[in-house]
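# Survey of secondary and tertiary structure
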Amino acid sequence: MASSDDRRFTAVPENPFMAAMPADFLWGVATSAHQVDGGTTGNDWAHFERRPGAIADGAVSGPAADHWNRLEEDTQLIRELGANAHRLSLEWSRLEPEPGHWDAAAWEHAERELALLKAAGIEPMLTLLHFTLPQWLAQRGGLVAGDFPQRLEAFASEAGRRLGGWVRLWCTVNEPNVQMLYGYVTGQWPPGLRDRTLATRAFASLLQGHALAARALRNSCRGARIGAAVHLVLAEPLRRWWPPDRLAASVVERGFNWPFYDAIRDGVIRLRLPGYPRLEQPLAELRGSLDFVGINYYRRNLVDFDPFAPGFAGLHQGPGLRSDAGLEMYPAGLLQLLRRAWQRYRLPVIVTENGVADAAGSLRPDYLRAHAYAVACAVAEGVPVQGYFHWSLLDNFEWTDGYRLRFGLYRVDFASQRRLATPGGDEFRRLAGLLRRPRRTAGIGC
Ligand code: NOJ
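The following refers to the structure shown. Remember, it's a predicted structure, so these values are computed and weren't measured experimentally.

## Considerations on the overall build of the protein chain
Per the secondary structure count, the protein chain includes 15 helices and 13 strands. Its C-alpha atoms put the protein chain at 60 × 55 × 45 Å along the principal axes. The 446 residues of the protein chain split such that 61% are buried. Restricting to contacts in the protein chain with at least 6 residues of sequence separation, those with at least 24 account for 76%. If the 51 positive side-chain charges of the protein chain are averaged to one point and the 48 negative ones to another, these points end up 5 Å apart.

Rendered as structure tokens:
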């Protein structure tokens, strides 16, 4: 039976921002360095991509969208979308090509990009670690290297010192739960392992790294606002009446969605998952290390009990329309997760990513409007949502899916590197315009 949230999304208004939105709401686009820059050959992904069969169609990231050489043009594109914010990441392997050696030219390049954004009135949100590790660090054990947290701390400190004048909003890590799952449980991503003990260690290490990086940023960058970007799945039991399915759905909630932020709230790194070593590690520095909760939202999953799946949780798609990635589009899930994040942590929330694989470009306008509506509904209910970043500005290198999936508000013709406008971009711009209009507040709501 459809819930009242589901019914709300059957007819999304042309203007989804019926409730008063905060005047300084961040309406932005998101990218990551390895996926768009091109030439990021010194990291673990560049090495992993060469393994036969690792990436769809045998693709490698290679020149990606050549963003490294197109800063002016791409900044102008962001501006033309009416965005007031851009979430981007630093490529650690370029900035620290050897342990302890900072590459001055690479840092200057980062500064130039930030300066361009600022000059265009676009607020940057900078992610330190968006999956890729310098190869020298990967060779020493990557996330489970004994000094990983201290290495991330040193990188954060350098970034804060050099770039703090340009950046207020920081994400320490991106999707730590995904990096742990694909890197150490399913083995589809670097380092390509299937080892649950190491998976648990990688998870703890990412949290330790976050705590140290947050402290380093606070010390080196005055006024820094610190968050992370965690991938959240709306997990619902496939058969609500069947207790094993309910249990399996709760494993996704407890084992995948919340452990990272719970650890920060509690000052204890904790993992209690069927089939994994138990983890219970107090780390007081975690408390207070977060100023906002970042949510990457892409999917609902209907979950059944499956003894062969990780965590005994078999994931299925619901009945709605699906993206090219085969994921059901389910905007009501974003509303529910925004509510839950606020109830759980009582911190401002930012949608650090949301987007859809849609090569034809025909799904994205409705998708965008419906998810903007989910954000507006949450705001109307009193959830302090401070921003929304659409993934992505441009088509880009989509990890193991190579160039098969297209997420861009601009389509990229990778042969010529031409950027082409899409209906999704037009809708993004229209919504930006609505956000900035004087608000109607009375008598209408979500
Ligand atoms: C989340 C990841 O952070 C990003 O790198 C990826 O491209 C998008 N999801 C789309 O799958």
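So much for the structure itself; the text now carries on.
## Digging into the nonpolar core
Judged by nonpolar contacts, the single largest core of 115 residues is most densely connected at Trp 27, Leu 90, Trp 170 and Val 375. Residues within four places of Trp 27 in sequence aside, it is in contact with Phe 17, Gly 82, Ala 83, Asn 84, Ala 85, Leu 368, Ala 372, Tyr 388, Phe 428, Leu 431, Ala 432 and Leu 435. Among the nonpolar cores identified, the runner-up in size contains 18 residues, and Ala 54, Trp 189, Val 233 and Val 303 belong to it.

## Things to note about the site of the ligand
Near the ligand, the surroundings consist of Gln 35, His 130, Phe 131, Asn 174, Glu 175, Asn 296, Tyr 298, Glu 353, Trp 391, Glu 398, Trp 399 and Phe 407. Between the ligand and the protein, one listed contact pairs an oxygen atom with a side-chain N or O atom of Trp 399 at 2.9 Å. Relative to its unbound accessible surface of 290 Å², the ligand loses 92% to contact with the protein. A molecule is said to occupy a pocket when more than half its atoms come within 2 Å of that pocket's grid points, and by this definition the ligand occupies the largest pocket. When grouped by side-chain class, the residues that make up the shell around the ligand number five nonpolar, four polar and three charged.

## A few points about helix α9 (residues 176-185)
In terms of burial, α9 is a largely internal element, eight of the 10 residues being buried. Among all positions of α9, only Pro 176, Asn 177, Val 178, Gln 179, Met 180, Gly 183, Tyr 184 and Val 185 are buried. Phi for Gly 187, located one or two positions after α9, is positive at around 75°.

## Quick word on the packing of aromatic side chains
Enumeration over the complete set of coordinates arrives at 24 aromatic pairs. Of the aromatic side chains, those joined through ring pairs into one cluster are Trp 45, Phe 48, Phe 131, Tyr 182, Trp 189, Phe 397, Trp 399, Tyr 403 and Phe 414.

## Comments concerning empty space enclosed by the protein
Under the counting rule described, the total for this entry stands at one cavity of 30 Å³ or more. Around the largest cavity, the lining is made up of 20 residues, and of these Asp 37, Ser 89, Leu 90, Glu 91 and Glu 113 lie nearest the centre. Listed by contribution, the elements that provide at least two residues to the lining of the largest cavity are α2 (33-36), β2 (85-89), α5 (92-95) and α6 (104-119). By residue number, the principal contributor to the lining of the largest cavity is α6, which donates five residues. Its residues assigned to classes, the lining of the largest cavity shows 10 nonpolar, six polar and four charged.

## As for the environment of Ile 226
Relative to the helices and strands, Ile 226 is located in strand β5 (residues 225-237). For Ile 226, a relative accessible area of 0% gives the class buried. In this structure, Ile 226 is in contact with Trp 170, Thr 172, His 210, Ala 214, Leu 217, Arg 218, Ser 289, Leu 290, Asp 291 and Phe 292, ignoring residues within four places of it in sequence.

## A few points about the environment of Glu 80
With respect to the element layout, Glu 80 can be found in helix α4 (residues 71-80). Glu 80 sits in the partly exposed class, given a relative accessible area of 39%. In sequence terms Glu 80 and Glu 123 are 43 residues apart; their C-alpha atoms lie 15 Å from each other. For Glu 80, the residues in contact, after removing those within four places along its chain, are Tyr 410 and Arg 429.

The rules behind the values
Residues numbered from 1 in each chain as written. Predicted model: local features only at pLDDT ≥ 70, side-chain atom pairs only at ≥ 80, totals over all residues. Heavy atoms only, no water. Helix = DSSP H or I, 4+ residues; strand = E, 2+ residues; numbered from the N terminus. Buried < 20%, exposed > 50% of the residue type's maximum accessible area, 1.4 Å probe, protein only. Contact = heavy atoms within 4.5 Å. Lys, Arg positive; Asp, Glu negative; His and termini not counted. Charge placed at Lys NZ, Arg CZ, Asp CG, Glu CD. Core = buried A, V, L, I, M, F, W, Y, C linked by side-chain atoms within 4.5 Å. Near = heavy atom within 4 Å. Polar contact = N/O pair within 3.5 Å; in protein donor to acceptor, adjacent residues only side chain to side chain. Areas by Shrake-Rupley, 256 points an atom, 1.4 Å probe, with all protein chains shown as cover. 1 Å grid on protein atoms, 1.4 Å probe; cavity = no way out; pocket = protein on both sides within 12 Å on 5 of 7 lines; lining within 4 Å. Sits in = over half its atoms within 2 Å of the grid points. Nonpolar A, V, L, I, M, F, W, Y, C, P; charged D, E, K, R; others polar. Phe/Tyr/Trp six-rings, centres within 6.5 Å; stacked < 30°, edge-to-face > 60°. Points joined across faces, edges and corners; volume = space filled by probe spheres on them.

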